[in-house]
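Notes for the structure review
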Amino acid sequence: MTETSTATTGEELHEYPMRRGCPYHPPTEYTELAEEGPLSQVRLYDGRTAWLVTQHKETREMFADAKLFSSDHDNPAFPILAEREKNFPEFTQELFGLDGEPHKSRRRMLLPRFTAKQVEKLRPMIQSVADELIDELLRHEGPVDLVSVLGRPLPSRVICKMLGISYEEHELFEVHAQGIMQAPDLEKAVEAGRELLDYLVKVVQAKQTNLGDDLLSTLITERLNTGELTSIEVSKLMVALLIGGQETTTSMIGLGTLTLLEHPDQLAMLREDPELLPGAVEELMRFLSIADLTTLRVATTDVEVAGQVIKEGDGVILSTAAANRDPGAFEDPDAFDIRRSTQGHLAFGHGPHRCLGENLARAELEILFGTLFKRIPTLRLAVPMDQVSMKVGMTLEGLHDLPVTW
Ligand code: HEM
């Protein structure tokens with residue numbers, strides 16, 4: 001049964017977010033709502049309503065129009081999905097929560113390090129991190145939790161190396177990123193965010209006397225030393241990278257491994273032909289759409305979309321999971337098929353806020369999955385599928401842990 005509540009009009013509204021029944025399939029309510037039309041009103045936890053967009057065409061167009069659909073987290077009308085997300089403005093303003101020129105100028109400061117060409121140069125470093133972690137995994141005897149031995153450390157070690165921060169700090173990164181994204185309540189999330197910011201300001205100060213050829217050194221010489229940014233602003237940019245890149249990649253590693261293990265025919269094809277790896281990662285991105293609950297907007301003016309009038313100040317939820325399973329955009333969308341064309345999938349968003357780290361994410365996932373299934377061909381789940389514990393009520397779709405053996 002679907003949870004609903006009664007709107008002031010007497011109309012029954014679905015409560016949002018809805019839950020996934022299976023870790024890799026979107027909530028079934030998305031399909032029901034999409035059949036009624038591209039836009040549906042839903043009820044948020046705080047009683048407000050918002051528009052849930054479920055079809056690919058409208059989602060893509062609305063992503064692209066940042067003037068009509070703003071990301072301004074400071075706008076009191078900006079939709080929030082849970083109490084603990086109220087702290088997000090303070091820590092995410094630097095990129096996710098900005099519009100227009102201020103957003104563009106911040107994005108430009110990071111972009112040169114995240115182009116496909118630059119990320120290509122990072123592949124040997126990412127490969128050596130993946131090799132080390134798999135060596136560590138193989139030192140265990142039997143069931144291990146893949147999320148904690150590979151999923152968490154891989155992205156944090158990689159981003160530490162990119163930033164030029166010592167490897168010893170990586171645990172702090174993982175703990176704080178989890179603290180912000182997964183805290184049970186607002187107070188804990190705010191505390192984790194403050195601690196992280198205090199700590200990063202000290203990292204920036206230490207780096208000033210130890211500059212190198214890394215991202216943080218570039219930010220210091222080109223932005224901090226020129227007076228363009230303060231050390232707190234530099235730290236907030238690092239927080240944005242952490243929030244954007246840590247839990248997302250961890251989720252993709254856990255859920256991606258599970259999906260491949262649960263589709264042995266697809267995994268066998270991938271093993272036979274490693275050239276299928278980039279397509280397989282792209283299909284995992286589409287199929288899993290783990291950042292489904294993160295792409296929120298607020299309407300800046302009254303506007304009509306697909307016959308519905310969205311009022312200024314209305315919250316909008318651009319569901320990447322629903323759009324990526326739209327049969328109008330992808331044939332047989334609920335099938336996991338690593339050979340399909342995934343062109344136009346929206347798992348990394350679209351438009352001005354499109355994922356800054358998409359090339360890095362692809363490289364990390366291609367290297368990790370390629371190496372994991374080559375080095376451990378007998379990898380399998382250590383518990384029945386129905387005992388795999390999914391995260392519920394969190395900002396990103398993912399797994400608490402993934403017990404595996406070989
Ligand atoms: C692994 C899977 C990943 C997924 C599914 C993902 C998804 C997304 C999505 C959907 C957005 C758009 C948000 C919006 O429109 O409001 C986004 C933005 C962003 N992502 Fe990712 N991301 C991933 C990995 C990464 C990585 C590895 C990094 C960097 C280390 C990163 C950094 C960012 C940043 C900084 C933004 C904000 C861009 C802006 O506002 O201009 N992401 N991501």
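Everything numeric in this text was worked out from a predicted model, so none of it was measured.

**Some points on the overall build of the chain**
The number of helices and strands found in the chain is 15 helices and 12 strands. What you see for the chain is a C-alpha radius of gyration of 21 Å, in line with the 22 Å of a compact globule of 406 residues. In terms of principal-axis extent, the alpha carbons of the chain reach across some 60 × 55 × 35 Å. For the chain, the residues scored as buried account for 56% of the 406 residues in total.

**A closer look at the packing of aromatic side chains**
Under the definition given, this model contains 2 aromatic pairs. Taking the centre distance of 5.8 Å and the plane angle of 35° together, the rings of Tyr-24 and Phe-287 count as tilted. With Tyr-24 in the loop between strand E2 (12–15) and helix H1 (28–36) and Phe-287 in helix H13 (residues 277–288), this residue pair connects regions lying 263 residues apart in the sequence. Each member of the pair, Tyr-24 together with Phe-287, is buried. Ring geometry for Phe-287 versus Phe-336: centroids 5.1 Å apart, planes at 50°, classification tilted. With a gap of 49 residues between them, Phe-287 in helix H13 and Phe-336 in the loop between helix H14 (320–324) and helix H15 (358–375) connect regions that are remote in the sequence. Phe-336 gets classed as buried once you look at its relative accessible area, which sits at 6%.

**Section: the site of the ligand**
Surveying the vicinity of the ligand reveals 27 residues, the closest of which are His-103, Arg-107, Arg-297, His-353 and Cys-355. Here an oxygen atom of the ligand and a side-chain polar atom of Arg-107 are 2.7 Å apart. Gly-244 is positioned with one of its backbone polar atoms (N or O) 3.1 Å from a nitrogen atom of the ligand. Of all the elements in the fold, those that place two or more residues in the shell around the ligand are helix H4 (100–110), helix H11 (231–262) and H15. Per-element accounting of the shell around the ligand gives the leading share, 6 residues, to H11.

**Considering the side chain of Glu-58**
Mapped onto the elements of the fold, Glu-58 is located in helix H2 (residues 56–64). For the buried Glu-58, no salt bridge is present, and the opposite-charge side chain at shortest range is Lys-57, 4.1 Å distant. In this structure, Glu-58 is in contact with Pro-38, Leu-39, Val-53, Val-305 and Ala-306, ignoring residues within four places of it in sequence.

**With respect to the coordination of the iron atom of the ligand**
There is one protein donor for the iron atom of the ligand, namely Cys-355 (SG), at 2.3 Å. As for its placement among the helices and strands, Cys-355 is situated in the loop between H14 and H15.

**Points about the sheet that holds strand E12 (residues 403–405)**
Across the sheet, 3 strands lie side by side as E6-E12-E11; this open sheet has antiparallel pairing. Of all strands in the sheet, those bounded by a partner on one side alone are strand E6 (144–145) and strand E11 (380–381). In this sheet, E12 lies alongside E11 in antiparallel orientation, the contact comprising 2 bridges. Each residue of the ladder has a partner; that of Leu-381, found in E12, is Val-404.

**Topic: the pairing of strand E4 (residues 49–53)**
Taking burial as the measure, the 5 residues of E4 include 4 buried ones, the bulk of the element. Note that strand E3 (residues 39–43) and E4 share 5 bridges and pair antiparallel. Bridging from a neighbouring strand, Ser-40 pairs with Leu-52 of E4. Counted between consecutive antiparallel strands, the loop separating E3 from E4 contains 5 residues, among which Gly-47 sits at a positive phi close to 95°.

**Quick notes on the environment of Val-239**
Topologically, Val-239 is positioned in helix H11. Judged by relative accessible area, which is 1%, Val-239 ranks as buried. With 144 residues separating them in the primary sequence, Val-239 and Leu-95 have C-alpha atoms 9.9 Å apart.

**Concerning the side chain of Arg-107**
The topology assignment puts Arg-107 in helix H4. Put simply, Arg-107 is tucked away with no salt bridge, and the nearest opposite charge, on Glu-358, sits 6.2 Å away.

**Some thoughts on unusual backbone geometry**
Look at the link from Tyr-16 to Pro-17: it is a cis peptide, with omega at 0°. Relative to the helices and strands, Pro-17 resides in the loop between E2 and H1. Even without being glycine, Ser-289 reaches a positive phi, approximately 35°. Its place among the elements puts Ser-289 in the loop between H13 and strand E7 (296–299).

The rules behind these values
- Residues numbered from 1 in each chain as written.
- Predicted model: local features only at pLDDT ≥ 70, side-chain atom pairs only at ≥ 80, totals over all residues.
- Heavy atoms only, no water.
- Helix = DSSP H or I, 4+ residues; strand = E, 2+ residues; numbered from the N terminus.
- Rg over C-alpha atoms; globule rule 2.2 N^0.38 Å.
- Buried < 20%, exposed > 50% of the residue type's maximum accessible area, 1.4 Å probe, protein only.
- Phe/Tyr/Trp six-rings, centres within 6.5 Å; stacked < 30°, edge-to-face > 60°.
- Near = heavy atom within 4 Å.
- Polar contact = N/O pair within 3.5 Å; in protein donor to acceptor, adjacent residues only side chain to side chain.
- Lys, Arg positive; Asp, Glu negative; His and termini not counted.
- Salt bridge = Lys/Arg side-chain N within 4 Å of Asp/Glu carboxyl O.
- Contact = heavy atoms within 4.5 Å.
- Donors = N, O, S within 2.8 Å, 3.2 Å for Na, K, Ca; no water.
- Pairing = 2+ DSSP bridges.

So, to be careful, I would describe these as geometric facts and stop short of saying anything about function.
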